[in-house]
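A look at the structure
Residues per chain, in single letters:
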Amino acid sequence: QVQLVESGGGLVQTGGSLRLSCAASGSIFGVADMGWYRQAPGKQRELVATITTGFSTNYADSVKSRFTISRDNAKNTVYLQMNSLEPEDTAVYYCNAYIARLFGRPQDYWGQGTQVTVSS
């Protein structure tokens, strides 16, 4: 069994900051790429940022220079530092990780989602 547990969402004013965390736990052999996605009401889920085990990063154009993704490989944890938040950033944020289990084939796992609300 593998779980991704997110934390750090909440309500913040425009221009504020939040830091999301997501920890993978369970019967894990290794964690490859990790990332954050978000889904706003009435919209499709979209990529926010990804990071490889070698710390190469990729960002959506809409969050570049405002958001920073990082990870701690020893803790199987990924973070998303969000600065200069805008109302358009309001969404449920989901953690994603490609994980090899001790037994079974590697696969994608998703967290339960954490709400981020930015008030104007």
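First, a word on what this report is: a plain description of the structure on this page.

Criteria and cut-off values
- The residue count restarts for each chain, going from 1 along the sequence in the order it is written.
- Side-chain atom pairs in this predicted model are given and counted only at pLDDT of 80 or more, local residue features only at pLDDT of at least 70, and totals for whole chains, interfaces and linings cover all residues.
- Only hydrogens and water are set aside when side-chain values are computed; all heavy atoms of the structure are taken into account.
- Secondary structure counts use DSSP, requiring at least four H or I residues in a row for a helix and at least two E residues in a row for a strand, with both numbered from the N terminus.
- Values of the radius of gyration come from C-alpha atoms, whereas the globule rule sets the reference at 2.2 Å times the count of residues to the power 0.38.
- Relative accessibility under 20% of the residue-type maximum defines a buried residue, over 50% an exposed one, and the middle range a partly exposed one, all with a 1.4 Å probe and only protein chains included.
- In this analysis, strands are considered paired if DSSP registers two or more bridges between them.
- Note on geometry: axes are C-alpha line fits, over the in-contact stretch for helices, and angles between N-to-C directions span 0 to 180 degrees.
- Should any heavy atoms of two residues lie within 4.5 Å, those residues are counted as being in contact.
- A pair of aromatic rings is counted whenever rings of Phe, Tyr or Trp (Trp by its six-membered ring) have centres within 6.5 Å, and the orientation is called stacked for planes under 30 degrees apart, edge-to-face for over 60 and tilted otherwise.
- Here, a charge over a ring means that NZ of Lys or CZ of Arg falls within 6 Å of the ring centre while also lying within 35 degrees of the ring normal.

Secondary structure assignment for the protein chain yields zero helices and 11 strands. Walking the protein chain from its N terminus toward its C terminus, one meets helices and strands in the order β-β-β-β-β-β-β-β-β-β-β. Taking 120 residues into account, the globule formula puts the C-alpha radius of gyration at 14 Å, and the protein chain, at 14 Å, falls close to it. If you line up the protein chain on its principal axes, its C-alpha atoms span 45 × 25 × 20 Å. Burial analysis of the protein chain (120 residues in total) assigns 41% to the buried set.

With that settled, consider the sheet that holds strand 3 (residues 18-26). Taken in spatial order, the four strands line up as 1-3-8-7 in an open sheet, and their pairing is antiparallel. The open sheet is flanked by strand 1 (2-7) and strand 7 (67-72), the only strands paired with a single partner. Across the sheet, the mean angle from the axis of one strand to that of its neighbour is 15°, orientation sign disregarded. Here strand 3 runs beside strand 8 (residues 77-82); their pairing, made up of six bridges, is antiparallel. What sits directly across from Cys22, in strand 8, is Val78.

A separate point is the environment of Ile28. Mapped onto the elements of the fold, Ile28 is located in strand 4 (residues 28-39). As for Ile28 and Leu102, which are separated by 74 residues in sequence, their C-alpha atoms are 5.6 Å apart. Sequence-distant contacts of Ile28, defined by excluding residues within four places in its chain, comprise Val2, Asn76, Ile99, Ala100, Arg101 and Leu102.

What follows concerns unusual backbone geometry. Phi is positive for Phe55, which is not a glycine, with a value near 75°. Turning to its location among the elements, Phe55 is positioned in the loop between strand 5 (46-51) and strand 6 (57-59). Its relative accessible area of 47% is what places Phe55 among the partly exposed residues. For Ser84, which is not glycine, the phi dihedral falls at a positive 50°.

With the rule as written, the count across this model stands at one aromatic pair. A centroid spacing of 5.1 Å and a plane angle of 65° characterise the contact between Tyr37 and Trp110, whose relative ring orientation is edge-to-face. Pair noted here: Tyr37 is in strand 4 and Trp110 is in strand 10 (residues 107-110), with a separation of 73 residues, a long-range link. When its relative accessible area of 39% is taken as the criterion, Trp110 is described as partly exposed. For Arg19, the ring lying beneath its charged end belongs to Tyr79, and the centroid distance is 4.2 Å.

Purely spatial values, then, with no claim about function.
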